[in-house]
Structures are given as C-alpha cells and as structure tokens.
Amino acid sequence: MSASPPESGDSRPAQADWARAPERSNMLALQVISWIALKLGRPIARLVLHPIALYFLLFSPTPRRHIKRYLLRAIGPKAGWGDGYRLLHAFASTVLDRLYFLRGRLDLFDVHVRGHEAVEAEVNAGRGAFMLGAHVGSFEALGATRQKEEAPADMRLAMLMYQDNAQQISALLNAISLPEHRPHIIALGRPHAMLELRDWLDSGGLAGLLADRTLAGPEEAGQQRGSSVELPFLGQPAIFNDGPFRLAALLRRKVFFMAGLYVGGARYDVMFEPLADFSERIADPAERERRIRAALESYVARLEALCRAYPHNWFNFHDFWLEDSV
C-alpha cells in the first residue's frame, strides 16, 4: 500500500506547494491493498510493494528527478537507480506498516527505542514537550512505542499536520485503525489551533511536527511568525522555517528531535534526542533570536546526519533545493 509521491504540473519554485499537492492514490487500489494486508498478512502484502515501487520509479518523472538529486547529495556519485528503488520501496513499506501499527500489531515488528529517558521525565512532570521530526522513516512507529516497556509510561502524542493533504489515505487509515492506537491530530491553519496545542501541552501531552518542509506562511501554518532561513544542507543551501522553534519559545517548552527509522524487513529504530530548551523565559530579544537560530541549525545538522547514515529513509519527493527554476 502506498501513498504515492505527488506529481506536480507546476514548475514554479514554491517549496510550500507540497501542502497543496494532490493525492494520486486511487481509493479502490488502497482498499484492495488494505484487504490483502489485513486478510492475507504482512509477508504477502509486502510482495505487492515491489511492483508499486518499480511503477513509480519508471512512471513518475518529477519525483524521480528530485529523488536523484537528493541521493547524489546524500550518497555521492555512486548513487544509482537501485538506490532510487530502495528509497521508494522503503517508503511503500512504511506506509504499509501504518496499517499494522494503527491496529496495535507491534508483535509483527522488531522496534528498538533509545533516548526516551529525557522525554519520559517531561511526561512524568506533566509539562509536555515539542517533538520535531522529518519525513524520515515512520511517524506511526513513534506512536507505537507507547506499547513498549521502555517507552514513556503515559506518552500521549498529538500530530500537528495538514489534514487536507493526502485525504484519501488518511480516511482509509482512520477507518481501519483502532481508536486507542490512532494519534490525536491538531490541525494546522484551523481556528483555535494554538489554544488546543497549549491545552494539550499543559496536560502533559507531546506535540509532534515534521519540520523539514517550508510552510506557506504563519497564518496558514498556525505558527508563531515563522521565518524562512537559508542553511547549508547536504552541501547545498536550502530553506527551512524557524516557526516550530518560535512556537516552542512562545509556549516555553523543551524540544526533542525524533525519528522512527526503517532499517529493513520488520525492523524500526526509534530515537529521541534533546534539541533545545525554551522552558525558561528569555527576556532579551536578541538572546531569544540567537537561541532560535541555534536550535534550527542543530535540527538541520541532525537531519543531515540521518540522511547520510540512512539515505533511503528521507521521503521528500519535492523540489527541496528549488532547482527547477534554475
């Protein structure tokens, strides 16, 4: 089962276009693959992933072009078609596994969790925290760690996201998931999103955000006046948004880096790392700006390190470096 990489007929250098990109997946196909996954089991369903990955490698030229650019930077000149196929197959694998994670079938996977102690301290203290990730591996694997003994005892994770993107697969997953395993959603760009987020954090909940895509603007994103910042990423300048860190500073929370890395077969490595601490009030505006910039730079550096160590785990099929207009 795969939420397909979106095709775009618009070559304008608008990195935020990902939020409005149409979902190409066919509902009937998704339902068929879901039936195979749930009725025939994961081993049989994984056989279907090979033709899916091959199809998009051959017949999705725009995502293929962006994948090639990324892999050349993450791996080097030796990156080839095989790496593109591995990346697409890993992406399809994580989408398939969402079905099982959302059904509570953690018994099908070998999930290792590390760095959870600091997160657990925030949860136990009832303070809540921001969890910043990227389109790396599986977010559902992060949520599934609630079932692991070494996970935080009362980890309640809400996802900040655009609900309008990939509506078909979201509706399907909601239909087949069990309520106790479904992440709470705080919709960006909706009225009262900020108040809902504050209340969630005040109750000791964790708020997760994938921060590797530039958002269209603070009003649309529900962020605290985020700014676009150009930083080196995999050897080339790229645009990132510091809005998540401004939001953390406004709400005075700690920020953790999170990733649910897919390492092949049924194996996932879930990691949490302290990224920034905005829990204390910062009176000096210049110091606040310095710390926000430092936190963003640290986030980008960690994402770059992950992309080099696990190059087939970053699922960003868009013009990330804005090269199509060059």
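Residues numbered from 1 in each chain as written. Predicted model: local features only at pLDDT ≥ 70, side-chain atom pairs only at ≥ 80, totals over all residues. Heavy atoms only, no water.

The name given to the chain in an unreviewed UniProt entry is Acyl-CoA synthetase, with Variovorax ureilyticus as the source organism. Recorded under Subcellular location (unreviewed entry), the UniProt text for the chain is reproduced unchanged: "Cell inner membrane". (UniProt positions renumbered as here; feature names shortened; annotations may be inferred.)

Q: I keep staring at helix α11 (residues 285-309) and nothing clicks. Help me out?
A: Given 3.6 residues per helical turn, the α-helix brings residues three or four places apart onto the same face. Taking 1.5 Å per residue, 25 residues should reach 36 Å; α11 reaches 36 Å between its end C-alpha atoms and fits that length. For α11, the complete set of buried residues consists of I292, A295, L296, Y299, V300, L303, L306 and C307. (Helix = DSSP H or I, 4+ residues; strand = E, 2+ residues; numbered from the N terminus. Expected span 1.5 Å × (residues − 1). Buried < 20%, exposed > 50% of the residue type's maximum accessible area, 1.4 Å probe, protein only.)

Q: Would you explain the confidence of the model for the chain in this entry?
A: Close inspection of predicted coordinates is inappropriate for parts of the model with low pLDDT. For the chain, per-residue confidence averages 83 on the pLDDT scale, and 80% of positions sit at 70 or higher. When pLDDT is averaged over each helix and strand of the chain, the minimum, 42, is found for helix α9 (residues 218-221) and the maximum, 97, for α11. Scored below 50 in pLDDT, residues 6-16 makes 26 contacts in the model with residues more than four places away or belonging to other chains. (pLDDT = per-residue confidence, 0-100. Contact = heavy atoms within 4.5 Å.)

Q: Teacher, can you tell me more about the packing of aromatic side chains here?
A: One pass over the full model with this rule turns up 20 aromatic pairs. Between Y55 and F56, the aromatic rings sit 5.1 Å apart at their centres with planes inclined by 85°, giving edge-to-face as the arrangement. Ring centres of F320 and W321 lie 5.4 Å apart, and the angle between their planes is 75°; this geometry places the pair in the edge-to-face category. The exposure classification of F320 matches that of W321, with both residues buried. Members of the aromatic cluster, joined through ring pairs, are Y70, F233, F240, W314, F320 and W321. (Phe/Tyr/Trp six-rings, centres within 6.5 Å; stacked < 30°, edge-to-face > 60°.)

Q: Help me understand the pairing of strand β9 (residues 267-277), please; the structure alone is not making it clear to me.
A: The side chains of a regular strand alternate between the sheet's two faces. Where strand β1 (residues 110-114) lies against β9, five bridges are found, and the strand directions are parallel. Paired with R114 across the two strands is M271, which belongs to β9. The turn joining strand β8 (residues 254-262) and β9, which pair antiparallel and follow one another in sequence, is formed by four residues; a positive phi near 105° is taken by G264. (Pairing = 2+ DSSP bridges.)

Q: Got a minute to help me understand helix α10 (residues 243-251) in this structure?
A: Extensive coverage of α10 is indicated by the burial of eight of its nine residues. Inspection of α10 places G243, P244, F245, R246, L247, A248, A249 and L251 among the buried residues, and these make up the whole buried set. Directly beyond the C-terminal end of α10, a positive phi value near 55° is found at R252.

Q: Looking at this model, I keep getting lost on the pattern of salt bridges. Mind explaining?
A: A side chain with one charge may pair with a side chain of the opposite charge, provided their charged atoms come close. Within the structure shown, the criterion is met by 17 salt bridges. Across the salt bridge formed by R73 and E323, the nearest N and O atoms sit 2.7 Å from each other. In this pair, R73 sits in helix α3 (residues 61-74) while E323 sits in the segment after α11, placing the two residues 250 residues apart along the sequence. A salt bridge links R246 to D242; its shortest N-O distance comes to 3.2 Å. Across the pair, exposure class does not vary: R246 and D242 are buried alike. (Salt bridge = Lys/Arg side-chain N within 4 Å of Asp/Glu carboxyl O.)

Q: I tried to follow the environment of N241 on my own but got confused; where do I start?
A: Among the secondary structure elements, N241 is positioned in strand β7 (residues 236-241). For N241, a relative accessible area of 9% puts it in the buried group. In the structure, N241 is positioned 29 residues away from D212 in sequence and 8.0 Å away in space, judged by C-alpha atoms. There is a polar contact of 2.6 Å between the side chain of N241 and the backbone nitrogen of G243. (Polar contact = N/O pair within 3.5 Å; in protein donor to acceptor, adjacent residues only side chain to side chain.)

Q: Just to check I follow, could you spell out unusual backbone geometry for this structure?
A: The phi angle of most residues is negative, glycine excepted, and most peptide bonds adopt the trans form. A positive phi angle, close to 55°, is found at L234, a residue other than glycine. Assignment of secondary structure puts L234 in the loop between β6 (228-233) and β7. The phi torsion at L322 lies on the positive side, around 55°, for a residue other than glycine. Within the secondary structure layout, L322 lies in the segment after α11.

Q: So what exactly am I meant to see when it comes to the side chain of D83 here?
A: Structurally, D83 is set in helix α4 (residues 81-101). Among buried charged residues, D83 stands out as having no salt bridge; its nearest opposite-charge side chain is R86, 4.7 Å away. Here D83 is in contact with L71, I75, K78 and H312, once residues within four sequence places are set aside. (Lys, Arg positive; Asp, Glu negative; His and termini not counted.)

Q: For this particular structure, what's the right way to read the packing of α3 against α4?
A: Axes are the key here: two packed helices are described by the angle between their axes and the distance separating the axes. Following both chains from N to C, one finds α3 and α4 inclined at 110°, their axes separated by 10 Å at the closest point. Taken together, the axes of α3 and α4 lie roughly perpendicular to each other. Along the contact surface, α3 presents R64, I67, Y70 and L71, while α4 presents W81, D83, G84, L87 and L88. Class assignment for the residues of the contact of α3 with α4 results in six nonpolar, one polar and two charged. (Axes fitted to C-alpha atoms, helices over the stretch in contact; angles between N-to-C directions. Parallel < 35°, antiparallel > 145°, perpendicular 65-115°, else oblique. Nonpolar A, V, L, I, M, F, W, Y, C, P; charged D, E, K, R; others polar.)

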